[in-house]
Protein chains: 2
Amino acid sequence: MEKREGEAEPEQKEEEEQVVNPWMVSAKGGGKIDYDKLIDQFGCQRIDQSLVDRIHRLTGRPPHVFLRRGVFFAHRDLNEILDAYERGDKFYLYTGRGPSSEALHLGHLIPFMFTKYLQEVFKVPLVVQLTDDEKCMWKNLTVEESQRLARENAKDIIACGFDISKTFIFSDFDFVGGAFYKNMVKVGKCVTYNKVVGIFGFTGEDHIGKVSFPPVQAVPSFPSSFPHLFPGQDNLRCLIPCAIDQDPYFRMTRDVAPRIGYHKPALIESSFFPALQGETGKMSASDPNSAIYVTDSAKEIKNKINRYAFSGGQDSVEKHRELGANLEVDIPFKYLSFFLDDDDKLEEIRKEYGSGRMLTGEVKQLLVEVLTEMVERHRRARAVVTDEMVDAFMAVRPLPNMFI
Amino acid sequence: MEKREGEAEPEQKEEEEQVVNPWMVSAKGGGKIDYDKLIDQFGCQRIDQSLVDRIHRLTGRPPHVFLRRGVFFAHRDLNEILDAYERGDKFYLYTGRGPSSEALHLGHLIPFMFTKYLQEVFKVPLVVQLTDDEKCMWKNLTVEESQRLARENAKDIIACGFDISKTFIFSDFDFVGGAFYKNMVKVGKCVTYNKVVGIFGFTGEDHIGKVSFPPVQAVPSFPSSFPHLFPGQDNLRCLIPCAIDQDPYFRMTRDVAPRIGYHKPALIESSFFPALQGETGKMSASDPNSAIYVTDSAKEIKNKINRYAFSGGQDSVEKHRELGANLEVDIPFKYLSFFLDDDDKLEEIRKEYGSGRMLTGEVKQLLVEVLTEMVERHRRARAVVTDEMVDAFMAVRPLPNMFI
């Protein structure tokens with residue numbers, strides 16, 4: 001009994017501070033997530049300017065806005081991936097989505113927008129896992145409903161512009177088995193129940209489907225789980241772009257990998273996209289007014305931003321002109337820092353709005369324009385994604401052009 | 001916390017008495033298993049003479065020696081299967097083996113000999129699960145070694161005489177996925193960790209591969225796990241012949257089945273085949289002298305029985321003539337009661353040996369003859385099982401003759 005309690009202890013301490021895991025993001029005292037502290041707690045590294053510069057140099061392309069602005073702010077072993085790339089070795093990308101809802105919001109799009117950039121500039125293959133089994137278990141959806149949502153979400157993912165010759169999208173319900181299942185068993189053998197309690201906070205009243213799931217999310221990190229994609233390339237390295245709440249899965253995976261003869265996957269991790277109401281956690285799918293959805297109309301976007309986007313501006317115009325906006329808490333400015341690609345323009349807003357020369361209404365107006373254009377572009381792209389295209393992306397197939 | 005302890009309590013009590021689960025068979029105080037008590041503890045039913053007679057009547061064939069002698073002594077819902085059969089409905093059989101060793105002993109053959117009889121007299125399909133994933137996890141074998149043993153064991157199973165047009169043998173490593181995996185998730189959702197702790201005695205130091213396994217053994221009880229075998233027959237009932245140590249898996253399965261819209265599988269359960277050294281548990285694969293293997297030569301069989309088979313005869317011929325053999329503990333007599341099909345002959349031995357007119361040496365001599373013939377017959381049958389035949393039994397295929 002003592003050993004069990006001892007093992008869980010390091011993670012217990014975290015709980016007193018802030019809790020970030022795949023099912024809960026909760027800051028200390030309801031405030032903002034302390035990302036510096038999170039990096040310490042999780043044991044990952046911060047992405048610094050020299051690393052951004054290195055990516056710029058290696059790819060010959062300007063770094064993605066999410067890199068320049070620190071949206072993707074943490075990593076594990078990214079330098080090893082870049083070392084390998086520099087030597088002429090390829091790697092592959094692995095990301096995923098739990099298909100719990102039909103409509104995606106902007107926060108959901110962030111890892112896919114960034115992954116598309118990575119695929120494009122490094123010219124590497126990508127596997128996208130749709131964890132319909134996870135959502136069937138956690139959200140108590142039927143198997144059929146989870147699979148339906150997985151296909152709907154696949155359309156949004158495809159609409160982000162992935163290269164079909166280099167991309168394999170799979171649903172766990174369709175794909176688990178064979179080499180993938182063998183790796184699940186290999187991983188499961190290396191992780192005790194006490195360990196997953198420490199990492200994920202499971203309790204005895206949780207069902208064993210949940211306890212069985214972490215290996216399912218772990219094994220796409222290993223190329224041998226996809227013998228049809230990566231034949232004879234069991235040494236291929238894997239880079240996982242994801243939000244940092246998924247880090248627990250991959251801490252576990254990295255712990256296990258060398259014990260079963262595999263490379264540890266590398267990670268590149270994002271902060272959370274804040275709710276319209278303010279930056280205290282992730283957006284919530286249960287409150288439609290906390291987020292902009294890719295299905296929202298121009299009118300809805302305008303209305304949500306004007307009504308709900310938390311402003312750091314002052315109560316009166318006079319006071320605002322005098323004190324300026326508090327950019328630390330201002331959601332319109334925060335959203336622009338995610339999606340306004342123009343660095344000079346953002347810098348101008350920072351100065352003008354921060355000093356009070358620009359008003360909240362003007363910033364919101366700009367944000368409405370930026371988001372409306374982005375959402376409209378996504379909607380147009382998704383409208384032409386057919387069921388046949390989904391089938392093609394999800395077909396278990398050799399990908400002869402994987403490394404071209 | 002109280003609820004958790006409360007839930008485990010009923011099984012805790014059993015531990016003070018006798019422990020029977022898939023990994024441990026231990027009688028109270030090292031004595032004989034009390035099967036009447038086990039039936040009470042597990043909540044199954046005894047197979048009485050009227051049930052044996054009913055099977056005789058329905059099949060028009062003499063009941064198998066294992067039924068006549070009470071080797072298969074317990075059941076769950078067997079009458080419901082027979083009711084359905086009498087109405088003209090079919091059912092299917094499901095049994096399995098954990099491939100932990102290359103050579104099978106007689107105890108391993110018992111469920112397969114009995115299952116072959118059931119398939120023959122009821123003319124029903126059979127699925128045989130080789131739990132190579134389980135043995136990879138519990139015995140710490142590599143995936144490859146578990147799969148190799150599964151194929152070797154499949155040859156012994158095929159040698160028992162199953163009808164290839166009605167029999168599907170599968171390895172979990174090959175077969176888990178698709179509809180089978182979907183049912184695993186459905187089952188996993190219905191069973192808490194506390195529940196499996198109560199049923200199987202897992203601890204926090206056990207790895208999560210073990211915790212994930214019970215649904216794998218559960219779902220072959222559901223025809224929808226085999227859509228290629230039983231298309232559109234999701235209502236087909238399942239009868240599981242097995243040793244009673246497997247009952248915990250199927251208690252769990254029967255608990256879950258109605259909650260996910262499936263029939264509870266029925267069971268027909270055997271007692272344990274005793275070790276040569278005496279009836280205190282199952283035979284042990286780790287002590288080659290505790291068991292007769294299907295690979296033993298005639299000389300080895302003779303030697304093992306003469307040297308190791310525990311005798312209930314008296315210390316001296318004089319005392320034996322006076323008191324007779326104690327048939328309750330006599331292993332040669334016990335083994336004959338499993339394998340000597342001739343009821344009159346067995347009854348004669350019971351009288352003659354029990355009264356002291358027959359000596360242990362004579363009974364052992366007869367047992368050597370019976371087992372040598374049985375083992376030789378098995379060896380001849382196994383020698384002609386080719387890899388192609390294994391492939392044919394294990395091929396995922398529609399079985400058009402399944403119900404002919």
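So, here is what we can say about the structure in this document. As the structure is a computational prediction, the values presented were derived from the model and not from experiment.

A few words on the interface of chain A and chain B. Contact residues are listed per partner, giving 37 residues for chain A and 36 residues for chain B. Here chain A and chain B share an interface that buries about 3,100 Å² over both sides, 62% of which is from carbon and sulfur atoms. Joining chain A to chain B, the criterion identifies 0 salt bridges. At the boundary of chain A and chain B, one finds 23 residue pairs in polar contact (both at pLDDT 80 or more).

Residues and elements named next belong to chain A. Of note in this structure, K123 is not a glycine but carries a positive phi near 55°. In this fold, K123 is placed in the loop between α6 (106-122) and β6 (126-130). Here K123 falls in the partly exposed class, since its relative accessible area comes to 47%. Positive phi outside glycine occurs at N140, with the angle close to 55°. Along the polypeptide, N140 turns up in the loop between α7 (132-138) and α8 (143-158).

With that out of the way, let us pick up the pattern of salt bridges. As enumerated under the stated definition, the model contains 62 salt bridges over all chains in all. A salt bridge links A:E152 to A:K155, with the shortest nitrogen-to-oxygen separation between them at 3.9 Å. With a gap of 3 residues between them, A:E152 and A:K155 both fall in helix α8, about one helical turn apart. A:K155 shares its class with A:E152; the two are buried. Close ionic contact of B:E120 with B:K116 constitutes a salt bridge, the shortest N to O distance being 2.5 Å. In this pair, B:E120 and B:K116 both sit in helix α6 (residues 106-122), 4 residues apart, roughly one turn of the helix. Ionic contacts of the salt-bridge type, sharing partners, join the residues A:R151, A:E152, A:K155, A:D156, A:R382, A:D387 and A:D391 into one network.

The next point concerns the environment of B:E152. Residue and element names in this part refer to chain B. Judged by its relative accessible area of 18%, E152 falls in the buried class. For the pair E152 and F213, spaced 61 residues apart in sequence, the C-alpha separation works out to 22 Å. Beyond its immediate sequence surroundings of up to four residues, E152 is in contact with E102 and R382.

Conventions used here
Residues numbered from 1 in each chain as written. Chains lettered and ligands numbered in written order. Predicted model: local features only at pLDDT ≥ 70, side-chain atom pairs only at ≥ 80, totals over all residues. Heavy atoms only, no water. Contact = heavy atoms within 4.5 Å. Buried area = accessible area lost by both parts, 1.4 Å probe. Salt bridge = Lys/Arg side-chain N within 4 Å of Asp/Glu carboxyl O. Polar contact = N/O pair within 3.5 Å; in protein donor to acceptor, adjacent residues only side chain to side chain. Helix = DSSP H or I, 4+ residues; strand = E, 2+ residues; numbered from the N terminus. Buried < 20%, exposed > 50% of the residue type's maximum accessible area, 1.4 Å probe, protein only.

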